[in-house]
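Results of the structural survey
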Amino acid sequence: MRNFDPLTALQALLERCRVRVDGRTEGSGFFVAPGFVLSCAHVAGGAAGGRVRVEYEGAAHPATVLAAAPDAAAAAGRPLYPFPDLALLELADPPPGHPCVWLDPEAPPSGTRVTATGFTRDLGPRTAVLAAGGRTGQPGRAMLELVAGEVNPGLSGGPVLSHRSGGVTAVVKATRQEDSAMGGYGVPVSALRLLDPAAYRRVLSAHDRFHAVDARWRSLADAPPPTGYADGPAAARTAERAADRAFLALLAELPPDSAADLRAAFLRAAPPGTFEPDLPLLDRRDVYQELAARVTLGGDHLTPELAYCADLVRALPGDAPLTRALRDRVLIRAGETGRGEAARQRIDGSPAYAPASAPPHHPPRPAAPVRPSVIGRVRHSLRDRSRYHVRVWQFRGAEEIVPAGPESAELTLPQALRLLAESLPPQIETVEALEALDGAAGRPALVELILPHEALDEDYAGWRLWPELEWWTLGRKHRLVVRPLERHQEPRLHHPWLMRWEHLAEQSLDRALVCVCGRGRQQRPQALDAAFNTAPELAALVLAGAPRGGALAQAFRVAVASGVPVMLWERGTDPRPLDQGACATGCTAPGRGDCPDGRFLRAARTALADTHRDAAPDRIRDLRNEAELHEAERHPGPDAPDAPLGDRVVLLWDDPARQLPRTRLAPAATSPVTAPTAPAASTAPDPAPSTSTAPATEGLPR
């Protein structure tokens, strides 16, 4: 047809997908998969299992709320239903042959034309063309502003079609002001990931399977524009959309994956330094689409989503038909973009994931990541040293350190440690999943805590971070070490640190250990500093007690400033008093004699016999478990001269190769960032629109 316009036809198809919903109130909805309707929770109701009526082309169909965002607005006293305000409905007897929209999680750029449709209170069915404005709310919970048009009451729950992508990108939520062209708000369809995961996977798998066999939507969304502009950006986007649909149809056939495995797969395929998504990853389609929205490295690098699919091919049974289909699709798409050889190398497991021609500012990904870990840091606020900030990273190598989220706001020390404890479990699961991808399945994660001096002696090993497994503790389950914050914040201390770390590379720890207690003239700060200055081999210390205060705390600070990278002590203990005749002048300089009360030193040397520097975290973990197995040895009687190390041992293990990226630290008063999961925090309320002269109201009949 000479005057055929694909967009006009797509808008007509969009109208064929809309339904009227009669639930908690009257509003709109639309088919997203055969027998499944998406609407707003304030329209359908916020309780799963609730009954609603769906009207489609004049016929009524009973439906059930499959999943919905619960209604907390009344308790919170807020005018708008809380985010995400979405509901998935399942029809008991859906109309045969009905079409379904294509859901597009990509947020349309500001100024993009969009089409909203639904059923108004007074005018009946209505289709309106508006524009995408800004965003209202925090990342992951931001509403799309709909501007330059009228959003009538009753359109709530209706679809918002992006003219740029040809997919439904949002659900109408509210009108800003009735009977005006001030527009309204929409909830991005990506917020479906905040609903029940099982319902989400079920509906979205049905959505992808439907569009794999039903060409009505894709034939219009992927049609060339009527102007014949077939070789420019529009044509490239069309090819990308077609490829996305093909991959998502294949991924829908795979069994579900765990949250940790999904995060690990995302990080494996993402460009170095990529943040984790703001929304949870519930399914492989989420991983694919999040990666498709990332920046692609130059040269012959695979796009992140293709790298992910290539990794899946390598992990799936090689003779399965689905594996072969996915492999063929990866190679075809990679070949179309000039990256066929990179795809073959990744599928075959070649270490050369990144070609030699990669630009210098994008170093190639190492073939085998170097001891992945979770690094948690607690640092002082620059405004008030009695307040603290918390941040967590995944360390996958010196060139790949991935923040798990932004730094927290100012907290007290107990609050900071509570937030640190809450933040560790999901990151530990992800790091262990990453290790499994690298062939080290079952190896416990390394957890490194960078802490200020006053927080070093807490019982981190005894933290119970998994309520459903109350017998698990952090120190017995994982390789746990502490590291001194002060050294990481002072570059002048790094050279002796590196030098002493290298001295430990050629000898076992039992031979390197010497004692420090801070007692006597030869262990006062000036003498200790002189001893360390003249003996670079002093690199592993046993402290006579916990470095909490007094002379031992001073000796500890001297050791940190001198670069000593390995120290052990018994948590919560003080140096035992010396016998009057033990040593007339106190203890000798480190390395020039053993401690007169050398019980802990002897136990440490025995326990760490033939233990290499790099194996110390593993050995300490084993010792904590051995102590639990031998209860009598945990609390030896007064006559036991050489009790073995037990679960009270603390290992300071500070590898200078495992440093965090240096960032400019600004006073919290000028750039506060709220922690993603601050202690006792509740779900953030829907933000009130700041650009309106009147309060927003749900687009409902009243």
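Just so it is clear, the structure is predicted and the values come from calculations on it, not from any experiment.

1. Side note on the confidence of the model for the chain
Residues at a pLDDT of 70 or more form 82% of the chain, whose mean pLDDT is 82. When pLDDT is averaged over each element of the chain, strand 3 (residues 36-39) comes out on top at 97 and strand 22 (residues 697-698) at the bottom at 45. Segment residues 637-642: pLDDT under 50, and 4 contacts once partners within four positions in sequence are set aside and those in other chains are kept. In the predicted structure, residues 663-702 sits below a pLDDT of 50 and forms 97 contacts with residues beyond four places in sequence or in another chain.

2. Brief notes about the sheet that holds strand 6 (residues 87-91)
Pairing in this closed barrel of 6 strands is antiparallel, and the strands run 1-2-3-6-5-4 around the ring. Taken over all neighbouring pairs, the strand axes of this sheet differ in orientation by 40 degrees on average, direction set aside. Bridge analysis of strand 3 against strand 6 gives 4 bridges, and the strand direction is antiparallel. Bridging from a neighbouring strand, valine 37 pairs with leucine 89 of strand 6.

3. Some thoughts on the environment of lysine 477
Tracing the backbone through its elements, the reader meets lysine 477 in helix 13 (residues 474-477). The spatial distance from the C-alpha of lysine 477 to the C-alpha of alanine 445 is 8.5 Å, given a sequence separation of 32 residues. Apart from the residues within four sequence positions on either side, lysine 477 is in contact with Pro444, Trp472 and Arg621.

4. Things to note about the nonpolar core
Membership of the largest hydrophobic core comes to 91 residues, with the highest contact counts inside it found for Leu89, Val101, Leu103, Leu192, Trp217 and Tyr308. In this structure, Val378, Leu419, Leu424 and Leu541 belong to the second largest nonpolar core, which totals 49 residues.

5. Points about the pairing of strand 8 (residues 124-136)
Remark: a regular strand shows side chains that alternate across the two faces of the sheet. As paired strands, strand 7 (residues 113-120) and strand 8 are joined by 8 bridges and run antiparallel to one another. Directly across from threonine 115, in strand 8, lies its bridge partner valine 129. The hairpin formed by strand 7 and strand 8 contains 3 residues between the paired strands. Pairing of strand 8 with strand 9 (residues 143-147), which is carried by 4 bridges, proceeds in the antiparallel orientation. Pairing of threonine 136 across the sheet is with methionine 143, part of strand 9. Two successive antiparallel strands, strand 8 and strand 9, enclose a turn made up of 6 residues, where glycine 137 displays a positive phi of approximately 125 degrees.

6. Focus on the pattern of salt bridges
Evaluated as defined, the whole model comprises 36 salt bridges. Linking glutamate 276 and arginine 263 is a salt bridge whose minimum nitrogen-to-oxygen distance equals 3.9 Å. Placement of glutamate 276 in the loop between helix 7 (259-269) and helix 8 (284-292) and of arginine 263 in helix 7 is noted, with a sequence separation of 13 residues between them. Note on accessibility: glutamate 276 and arginine 263 belong to one class, buried. One network of salt bridges, with partners in common, ties together Glu448, Arg483, Arg487, Asp654 and Arg658.

The rules we used
- Residues numbered from 1 in each chain as written.
- Predicted model: local features only at pLDDT ≥ 70, side-chain atom pairs only at ≥ 80, totals over all residues.
- Heavy atoms only, no water.
- pLDDT = per-residue confidence, 0-100.
- Helix = DSSP H or I, 4+ residues; strand = E, 2+ residues; numbered from the N terminus.
- Contact = heavy atoms within 4.5 Å.
- Pairing = 2+ DSSP bridges.
- Axes fitted to C-alpha atoms, helices over the stretch in contact; angles between N-to-C directions.
- Core = buried A, V, L, I, M, F, W, Y, C linked by side-chain atoms within 4.5 Å.
- Buried < 20%, exposed > 50% of the residue type's maximum accessible area, 1.4 Å probe, protein only.
- Salt bridge = Lys/Arg side-chain N within 4 Å of Asp/Glu carboxyl O.

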